[in-house]
Structure formats: C-alpha cells, structure tokens
Amino acid sequence: MTRQELKQRVYAAIDKRASEIIGLGEQIRQHPELGFKEVKTARLVEETFGRLGLAPKSGLALTGVRADVAGRAGSGPTFALLGELDGLVVTGHPVADPQTGAAHACGHNAQVAGLLGAAMGLLDSAAFDHLAGRVVFFAVPAEEYGDIEWRVAQARAGRLEFLGGKPELLRLGHFADVDMAMMIHTTSRPEDGKTGVPVSNNGCIVKTVRYLGRASHAGGAPHMGINALYAAQIGLAAINALRETFRDEDTIRVHPIITHGGSQVNVIPGEVRLETYVRGRTVDAILDANAKVDRAFRAGALALGAKVEIETLPGYMPMTCDATMARAYRDNAVGLVGEANFRQIGHRTGSTDMGDLSMVMPVLHPYMGGATGSGHGADFQIVDKDLAYLGIAKGLAAMVVDLLADGAAGGREVLSNARPPMTPEQYLAFQRGLARREVYEG
Ligand SMILES: [Zn+2]
Ligand SMILES: [Zn+2]
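Residues numbered from 1 in each chain as written. Chains lettered and ligands numbered in written order. Predicted model: local features only at pLDDT ≥ 70, side-chain atom pairs only at ≥ 80, totals over all residues. Heavy atoms only, no water.

A. Fine view of the overall build of the protein. Regarding its fold elements, the protein presents 12 helices and 20 strands. Relative to its full complement of 442 residues, the protein shows a buried share of 57%. Considering only contacts in the protein between residues 6 or more positions apart, those separated by 24 or more positions represent 81%. Summing over all exposed atoms, the protein offers an accessible surface of approximately 17200 Å²; the carbon and sulfur share of this is 51%. Once the 45 positive and 49 negative side-chain charges of the protein are each reduced to a mean point, those two points are 1 Å apart. (Helix = DSSP H or I, 4+ residues; strand = E, 2+ residues; numbered from the N terminus. Buried < 20%, exposed > 50% of the residue type's maximum accessible area, 1.4 Å probe, protein only. Contact = heavy atoms within 4.5 Å. Areas by Shrake-Rupley, 256 points an atom, 1.4 Å probe, with all protein chains shown as cover. Lys, Arg positive; Asp, Glu negative; His and termini not counted. Charge placed at Lys NZ, Arg CZ, Asp CG, Glu CD.)

Spelled out as structure tokens, the structure:
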C-alpha cells in the first residue's frame, strides 16, 4: 500500500468517528482547567485511550497522559504526537469555569480532540500493520505559563521543578525515548490561512517581582510610609522608556501585570507584586532585555527607598520548526485544504514550550484554523469544527504515515537532517542556570 492510500484510509476512519471527535473537543471546551490541574480532562483522555485498547500511563508531571503503540512493520524511531490539556484565565470569557476562571481561549481543547482523533484513525484503519517504529500519543499539561504563585508553591513543596509542562516532562525523562515530536495548535488569525507552519517562535523568561515598602496611615501619616505601589509604577514606567531600545528583529515582548497592588485603600501600600515575561527571538536577545528589565525594576525601588525582590524563573526556549517535517506537513496540508489555503508563516512572537523540545529533538508546530476572535481573548471561539478538530486529527495522523511508513524512511530522513542544539542534559543545565533571585535595597 502506498503512503497516499494509507492516509486516505486513515482519513476515512477519522471521518467515521467525526461526531465522537467533535464531541470530545466540545466536552473539553466546556470544562476548562488550569495547567497542572487538568484532572478531569486527563481522566477523559485516559478513558478514551483505554476504550481504544491502549494502556495509558497517567499522572506524568502531575496530569500528563501517555499511550504508546508500536508499529508492526519493523523497528524505527519513536514519534510523539502531543495535545495540550490546559486552559487559561481570560476576563469575560463566556465559557469559563465559575470557580477558577479557566477558559479554552487558546483552543487547546481542539489539540486534545485532534490527538484522540489521530489515535482513532490510525488504530481503526489498522495503519500500525504498515508502520515501523513507535507512536506516542501524549496529552501534556500546562503550556500556558500562568497561575505562577500556585506553581511556585508546588515547586517549594517538591511537586514540580519547572513551571511549564514540557520542561517538567523533559526533566522527568518522559521524552527520553522520543526521537521527534509534533503538535498542531489552533489559530484564529486569518493570515494563517486554514493551516500553516511557522518558521519560529519567541522564547521567554518569566519573572515575579515583589516591592516592599512600609505601610502607614494613608491620610494621617503618609510621610511615615514607603509607597510600594509608586515604586512599582516607576519600575513599569522605566520598562516602557526602554522599549525604543529593543531592536525590531529581536521581537522583544515585555508585558507586566500587577497581581497585588496594596492591602486596603487607607493604608500606604507596603507590598506590591508583579509578574512579567521577557520574550524574544533568541536567547541572547532575551538575556539582554532581561538585564534592562531588572535595571528598570531596581529604579523604582531606588526612587522611593523601597526594597525589590526580583525572582527570575526559567521560561520557554525559542522554537524552530524542523524543515524536513515542515515539507511533509505542507504536502499533506495542500491535499487536505488546498494550496491556496496553506500559509508559510514567518516568526511568531508568542512563546511555547514546544521550543524546549525543539532544543533537544526535531519538532513541528503547525497552526490549524477553524477559530475566530483573538487568541487569549474573550471572543475566541471555534466556528469550523470540522477544520479545527478533524483537521488536527488528520494533520497529525498523516505525519505518522509520512514518517513511519516504508520502514520509517521519512522519520530516518528527519533524524539524519536534524541538528538539535542541545542534549537534554545541556538543556536542563541551561534552564536551571537562568533561575536567580535578587534583592535590591533602594
Ligand atoms: Zn495560549
Ligand atoms: Zn496555546
């Protein structure tokens, strides 16, 4: 059987399960959960894998679920298909969890439905009779890097080291036997077409910042206080003043939030907490901007005579899509959505922990349409369910055929062309080396 014939069989099997796959995606959309807390979603994935006759391992990096299937046509590389489990808090989102505020405003529900759909299509069509090597179906936690105070507390309690899902899975060795990986992320941007492949994505460093002043009576004795909120405002103003020094080609993004702005209004704020990312296209550019941001935060403390604690946390590495995999994906995409609807996307300024995987193995991170509104916005919604859910399932499954059929010749070609920049040990050492805590007395 040719690869094309095998793909058509797999597509037909996915279409046969269309309503089930769409139903799973909608069920997850309506029950969003935050990163490392995706308990219900993980259980749904585990149960679905079980129904397909797989033997999943669960609780990986708290909530990850992994199921392996070996090809029956010889040995070969191991190819992981990923789907991210988590939502994020977006003010005003109409389908948010009333307790946590979590919402699927990034379309990760479609990733998981697509992952399960790919497993169904490959298993139902008996594609594994024609595949060499091994496929790992992997639902992964916590791509959205938020809820940081809770995650830091988990790290202090020894339940996490890294605060993003894939870095933590890498640390724990759950990718140690994986040779290459891909996922397909939903997009709502018309310029991405129906599907497309980016060249690269920004990486980021994550920071938590705590200004400590001195509380005092806001009406009666402001001269006795040190206003931590004003110190923070000067820090933020200093960051804004630095923006013109960021080079366009470095695509720096610094976007702080205040997570605690004071205790109550008649008290001069004695403590103010902020969080920010420092994003950029390259590690060097991120480190350069990060040093400027630290300086800006110190300036706020200096001006008011406050103290500032700056905690720098490893974030996500810049991502590069593997060119050999991207070529195969493009051919499949043209077959699925037509040449006119495929886009070669340039550099994207968001960050993803697929970047971390891309440090140690070839990865592919295409985008699939079917959504409208703004990513991470209250108006983000999936409008073309066939494209958003079934498109991801077919896009993933077709790559399995390309890389693992014909004795895994495609997969071997990917591996022989790829030059991942780090070993897993080097990656872990690099990320750990970024962590630092500075206390500056202004
Ligand atoms: Zn997102
Ligand atoms: Zn996302």
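B. Here's a closer look at the pairing of strand 13 (residues 307-316). Of all 10 residues that make up strand 13, eight are buried, and the element is covered over most of its length. Both strand 9 (residues 195-212) and strand 13 contribute to a ladder of nine bridges, which runs antiparallel. Pairing of Ile 205 across the sheet is with Pro 314, part of strand 13. Where strand 13 and strand 20 (residues 436-441) come together, six bridges link them in antiparallel fashion. Along strand 20, the bridge assignment pairs Lys 307 with Glu 441. (Pairing = 2+ DSSP bridges.)

C. Fine view of the sheet that holds strand 3 (residues 78-84). Spatially, 1-2-6-3-7-16 is the arrangement adopted by the six strands of the open sheet, whose pairing is mixed. Both outer strands of the open sheet, strand 1 (57-60) and strand 16 (363-364), are each paired with one neighbouring strand and no more. By the bridge criterion, seven bridges tie strand 3 to strand 6 (residues 134-140) in an arrangement that is parallel. The partner of Glu 84 across the bridge, within strand 6, is Val 140. In this fold helix 3 (residues 39-51) packs onto strand 1, strand 2 (64-70) and strand 6, with an angle of close to 20° to the strand it touches most, strand 2. (Axes fitted to C-alpha atoms, helices over the stretch in contact; angles between N-to-C directions.)

D. View of the coordination of the zinc ion (ligand 1). In this structure, Cys 106 (SG), Glu 144 (OE) and His 376 (NE2) serve as the protein donors to the zinc ion (ligand 1), at separations of 2.0 to 2.3 Å. On the primary sequence, the residues serving as donors to the zinc ion (ligand 1) are separated as C-x37-E-x231-H. The metal-metal distance between the zinc ion (ligand 1) and the zinc ion (ligand 2) comes to 2.9 Å, with Cys 106 coordinating both. Of this pair, Cys 106 sits in the loop between strand 5 (102-103) and helix 4 (108-124) while His 376 is found in the loop between strand 18 (371-372) and strand 19 (381-382), placing the two residues 270 residues apart along the sequence. According to the relative accessible area criterion, Cys 106 is buried, its value standing at 12%. For His 376, a relative accessible area of 38% gives the class partly exposed. (Donors = N, O, S within 2.8 Å, 3.2 Å for Na, K, Ca; no water.)

Note that all results are geometric; they support no functional claim without further evidence.
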